Amino acid sequence: MKANTEKFDALVSNKTSGWHKDVNERITNKAWQDKAFDIALKVIRHMRTNKVSQVTLAKDMGVTPQYINKILQGKENMTLETICRIEDALKITLIEVVFSNIEVYVPEFTLPAYSNPFSAKSVAKESFDWDSTDYQQAVYCQQKVA
Amino acid sequence: MEIIPIFAPHLYAISYPKTYDTVWNEEISSFFEDEEIGNVDEFERNFELWSNPMYLYDYFERNQVYLRVKFWRAFSIEDAARITKQKAFEFQKLLTENNTNIETLFQPLDNRIIHFTELIKGKSKYDCLRLYAIKIDSNRFLITGGAIKLTFKMEDHESTRDELKKLEKTKNYLVELGVIDGDSFDDALYEITL
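Note that this is a predicted model, so its numbers are computed, not measured. (Residues numbered from 1 in each chain as written. Chains lettered and ligands numbered in written order. Predicted model: local features only at pLDDT ≥ 70, side-chain atom pairs only at ≥ 80, totals over all residues.)

## Quick notes on the overall build of chain B
Within chain B, the regular secondary structure consists of 6 helices and 6 strands. Tracing chain B from N to C terminus, the helices and strands come up as β-β-α-α-α-α-β-α-β-β-α-β. Within chain B, the proportion of its 194 residues that are buried is 39%. Contacts spanning at least 24 positions in sequence make up 58% of the contacts within chain B whose residues lie at least 6 apart. (Helix = DSSP H or I, 4+ residues; strand = E, 2+ residues; numbered from the N terminus. Buried ≥ 20, exposed ≤ 12 C-beta atoms within 10 Å, placed from the backbone. Contact = placed C-beta atoms within 7 Å.)

## Some thoughts on the overall build of chain A
In terms of regular secondary structure, chain A is built from 7 helices and 0 strands. Its helices and strands taken in sequence order, chain A reads α-α-α-α-α-α-α from the N to the C terminus. Among the 146 residues that make up chain A, the fraction classed as buried is 13%. Taking all contacts inside chain A whose residues are at least 6 apart in sequence as the whole, residues at least 24 apart take part in 54%.

## With respect to the confidence of the model for chain B
All names here are of chain B. On average, residues of chain B score 84 in pLDDT, and 85% of them are at 70 or above. Predicted confidence for residues 111–126 stays below pLDDT 50, and this span has 10 contacts to residues more than four positions away or in other chains. Here the predicted complex carries an ipTM of 0.85, next to a pTM of 0.80. (pLDDT = per-residue confidence, 0-100.)

## Focus: the interface of chain A and chain B
With 25 residues of chain A at the contact, the number on the chain B side is 38 residues. When residues of the side of chain A that touches chain B are traced back to their parent elements, those giving at least two are helix H1 (5–11), helix H2 (19–28) and helix H3 (30–49) of chain A. Broken down by element, the residue count for the side of chain A that touches chain B peaks at 5 residues, all from H3(A). The residue inventory of the side of chain A that touches chain B, partitioned by class, reads 12 nonpolar, 7 polar and 6 charged. (Nonpolar A, V, L, I, M, F, W, Y, C, P; charged D, E, K, R; others polar.)

## Here we look at the pairing of strand E1 (residues 2–7) of chain B
Residues and elements named next belong to chain B. Looking at chain direction, E1 and strand E2 (residues 11–15) are connected through 5 bridges and run antiparallel. By the bridge assignment for E2, phenylalanine 7 is matched with leucine 11. Two successive antiparallel strands, E1 and E2, enclose a turn made up of 3 residues. (Pairing = 2+ DSSP bridges.)

## Some thoughts on the nonpolar core
By size, the foremost hydrophobic cluster in this structure holds 58 residues, and its most contacted members are Ala40(A), Tyr12(B), Tyr57(B), Ala133(B), Leu142(B) and Ile143(B). The leading source of residues in this core is H3(A), at 7 residues. Those residues in contact with Leu142(B), other than ones at most four positions away along the chain, are Ile3(B), Tyr12(B), Ile14(B), Ala133(B), Ile134(B) and Ile136(B). (Core = buried A, V, L, I, M, F, W, Y, C linked by C-beta atoms within 7 Å.)

## With respect to the environment of Phe60(B)
Residues and elements named next belong to chain B. Assignment of secondary structure puts phenylalanine 60 in helix H3 (residues 53–62). In this structure phenylalanine 60 comes out as buried when scored by C-beta crowding, with 22 C-beta atoms within 10 Å. Between the C-alpha atoms of phenylalanine 60 and leucine 94, which are 34 residues apart in sequence, the distance is 25 Å. If sequence neighbours within four positions are ignored, phenylalanine 60 has contacts with Leu67, Ile77, Ala80 and Ala81.

## Details of the packing of H3(A) against H3(B)
Running from N to C, H3(A) and H3(B) point in directions that differ by 45°, and their axes come no closer than 9 Å. By the angle between their axes, H3(A) is oblique relative to H3(B). Of the two possible hands of crossing, H3(A) and H3(B) adopt the one that is right-handed. Residues Phe37(A), Ala40(A), Leu41(A) and Ile44(A) of H3(A) form the contact with H3(B), whose participating residues are Pro53(B), Met54(B) and Tyr57(B). Along the lines of polarity and charge, the residues of the contact of H3(A) with H3(B) split into 7 nonpolar, no polar and no charged. (Axes fitted to C-alpha atoms, helices over the stretch in contact; angles between N-to-C directions. Parallel < 35°, antiparallel > 145°, perpendicular 65-115°, else oblique. Left-handed = near helix turned anticlockwise from the far one by under 90°.)

## Concerning the environment of Thr84(B)
One can find Thr84(B) in helix H4 (residues 77–97). Among residues more than four places away in sequence, those in contact with Thr84(B) are Trp50(B), Leu56(B), Cys128(B), Leu129(B) and Ile148(B).

## Here we look at unusual backbone geometry
Omega for the bond connecting Ala8(B) with Pro9(B) falls within 30 degrees of zero, at 5°, which places this linkage in the cis form. With respect to the helices, strands and loops of the structure, Pro9(B) is situated in the loop between E1 and E2. Unusually for a residue other than glycine, Lys91(A) sits at a positive phi of about 60°. Mapped onto the fold, Lys91(A) is located in the loop between helix H6 (80–90) and helix H7 (133–145). Exposure remark for Lys91(A): the 8 C-beta atoms within 10 Å place this residue in the exposed category. Of note, Asn139(B) is a non-glycine position whose phi angle comes to about 55°, a positive value. Within the fold, Asn139(B) resides in the loop between strand E4 (129–137) and strand E5 (140–148). Looking at Asn139(B), the number of C-beta atoms within 10 Å reads 15, which means it is partly exposed.

## Thoughts on helix H6 (residues 158–176) of chain B
Spanning 19 residues, H6(B) covers 27 Å between terminal C-alpha atoms, matching the ideal 27 Å at 1.5 Å per step. Positive backbone phi, at 75°, marks Gly178(B), one or two positions downstream of H6(B). (Expected span 1.5 Å × (residues − 1).)

## Re the pairing of E2(B)
All names here are of chain B. Burial runs high along E2: 5 of the 5 residues are buried. Of the two faces of E2, the one carrying Leu11, Ala13 and Ser15 and the one carrying Tyr12 and Ile14 are both buried. Relative to E5, E2 runs parallel, the two being bridged by 3 bridges. Bridging from a neighbouring strand, tyrosine 12 pairs with leucine 142 of E5.

As structure tokens, then:
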């Protein structure tokens, strides 16, 4: 095949592809767009399984079907309030905060044997300093570990 | 039809009119704004679809049977959608960074089965996205469309059969305007495996 590149050049439009703008937005907004994408997939799955229409969901949330459509296409940077309203309307959980990776610092501290603060009947409780920093810290740490 | 520059003078894409329903059918049009229908080029259109959860969910739900084959390792619809989106994103970054050396990214469409087999063996197993193009000159390509490829042969799936139609339509357009002569046209067909 032979191509006439001059004729080809003459046919090229002066328009710019919208892709350039799109790709820059995708790179800049990747973090929230990835999450919006995953949320949309979960909502779509639930709606299909339970035969919930976009109109019904919009009505339950008090928004327009167009807004729901935007969410389902992953194009909406939703607020926590919006996410909670979807969760409430569909009775599903969309996001959760994970705490399992948080390390709790537990200082080495041993309560005096005579005054275990967790025993209401501690013999020496009248003389124990309930407001001491050591005691408050011990309670805090034990609650965290529990 | 219009030829839109993507990375001139190396990469261009066709924009099909809104009356061409192989591209702008009712379902696809629903993912675009009214003013975009018939104006968005194939490069932009495909990457837009490949990052749209609703489009991808629908596509893989409709083609769920293909997800059970070894190629997809029995992925769920959601997994397939997420992988597709991630692949498309990575490819856009790659293209942006290597936009002057487009030639290395394309391979002849005529040998598609051989290349596809090699890729399965040698590279990522999830390379399912394709962009189809006509080679105009050295390091100069015109994108005619794209697809999420689910079968080995293009003729075996509706979406890739549509891509063959689009290649033919673009060829006829270029022949009519005297850009190409149409002889040995198959040698000028290329694809990018994403």
